[in-house]
Amino acid sequence: QVQLVESGGGLVQPGGSLRLSCAASGDIFSIYAMAWYRQAPGKQRELVAVISTGASTNYADSVRGRFFISRDNARNTVALQMNSLKPEDTAVYYCSARKVVPIPEPNFGSWGQGTQVTVSS
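Residues numbered from 1 in each chain as written. Predicted model: local features only at pLDDT ≥ 70, side-chain atom pairs only at ≥ 80, totals over all residues. Heavy atoms only, no water.

Some points on the nonpolar core
Right, on to step 1. M34, W36, V78, L80, M82 and Y93 are the most contacted members of the largest nonpolar core, which totals 31 residues.
Right, on to step 2. Those residues within four positions of L80 in sequence are excluded, and the remaining contacts are L18, R19, L20, W36, V48, A49, F67, F68, I69 and Y93.
Right, on to step 3. Membership of the second largest hydrophobic core comes to six residues, among which are A35, V50, V100 and F108. (Core = buried A, V, L, I, M, F, W, Y, C linked by side-chain atoms within 4.5 Å. Buried < 20%, exposed > 50% of the residue type's maximum accessible area, 1.4 Å probe, protein only. Contact = heavy atoms within 4.5 Å.)

Pasting the structure below:
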């Protein structure tokens, strides 16, 4: 099973940008679909962005056009570029993986420890 470590969180002013990174190890990275989730205080964890093994992407409506997910299979990393940040983007952001080869797993079951993103003036 893949191990995931996030980095890049921090404090940023509204309208600013941050880039989160997630490093994977322990398995063949290219056979995993990757995703970023977030969880704000008192709220359920929500899906932010997904990238398939073929680099197709999908986004939550709340971040579409502001956030961009990418992967680098040579470096075993997935990134989340966050632009035009809003206070409501404040949350702990988690990297997650779902193995799709040889048999697709039904859910994203591997998780990192999370990284805090705070958007505040």
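So, the pairing of strand β9 (residues 91–99)
Right, on to step 1. Alignment of strand β4 (residues 32–39) against β9, held across eight bridges, turns out to be antiparallel. Bridged to Y32 within β9 is K99.
Right, on to step 2. Pairing of β9 with strand β11 (residues 115–119), which is carried by three bridges, proceeds in the antiparallel orientation. Counted as the bridge partner of V92 is Q116 from β11.
Right, on to step 3. Relative to strand β10 (residues 110–111), β9 runs antiparallel, the two being bridged by two bridges. Its bridge partner lying in β10, S96 is registered against W111. (Pairing = 2+ DSSP bridges. Helix = DSSP H or I, 4+ residues; strand = E, 2+ residues; numbered from the N terminus.)

Digging into the environment of V48
Right, on to step 1. Structurally, V48 is set in strand β5 (residues 46–51).
Right, on to step 2. When its relative accessible area of 1% is taken as the criterion, V48 is described as buried.
Right, on to step 3. Put simply, V48 and A35 are 13 residues apart on the chain and 7.4 Å apart in space, counted from C-alpha to C-alpha.
Right, on to step 4. If we ignore the near neighbours within four places in the chain, the residues touching V48 are W36, Y37, R38, N58, Y59, A60, V63, F67, L80 and Y93.

Side note on the state of the cysteines
Right, on to step 1. Inspection of the entire model under this criterion finds one disulfide.
Right, on to step 2. The disulfide partner of C22 is C95, and the S-S distance across this bridge is 2.1 Å. On the S-S bond that ties C22 to C95, the torsion sits near -80°, and the link is left-handed. Within this pair, whereas C22 is found in strand β3 (residues 18–25), its partner C95 is found in strand β9, the two being separated by 73 residues in sequence. (Disulfide = S-S within 2.5 Å.)

Re the sheet that holds strand β8 (residues 77–82)
Right, on to step 1. The four strands are arranged β1-β3-β8-β7 in an open sheet whose pairing can be described as antiparallel. Looking at the sheet topology across the chains shown, the edges are occupied by β1 (3–7) and β7 (67–72). Neighbouring strand axes in the sheet, compared pairwise and without regard to direction, differ in orientation by 15° on average.
Right, on to step 2. Where β7 meets β8, six bridges bridge the pair, whose relative direction is antiparallel. Each bridged residue has a counterpart across the sheet, and for R71 the counterpart in β8 is V78. (Axes fitted to C-alpha atoms, helices over the stretch in contact; angles between N-to-C directions.)

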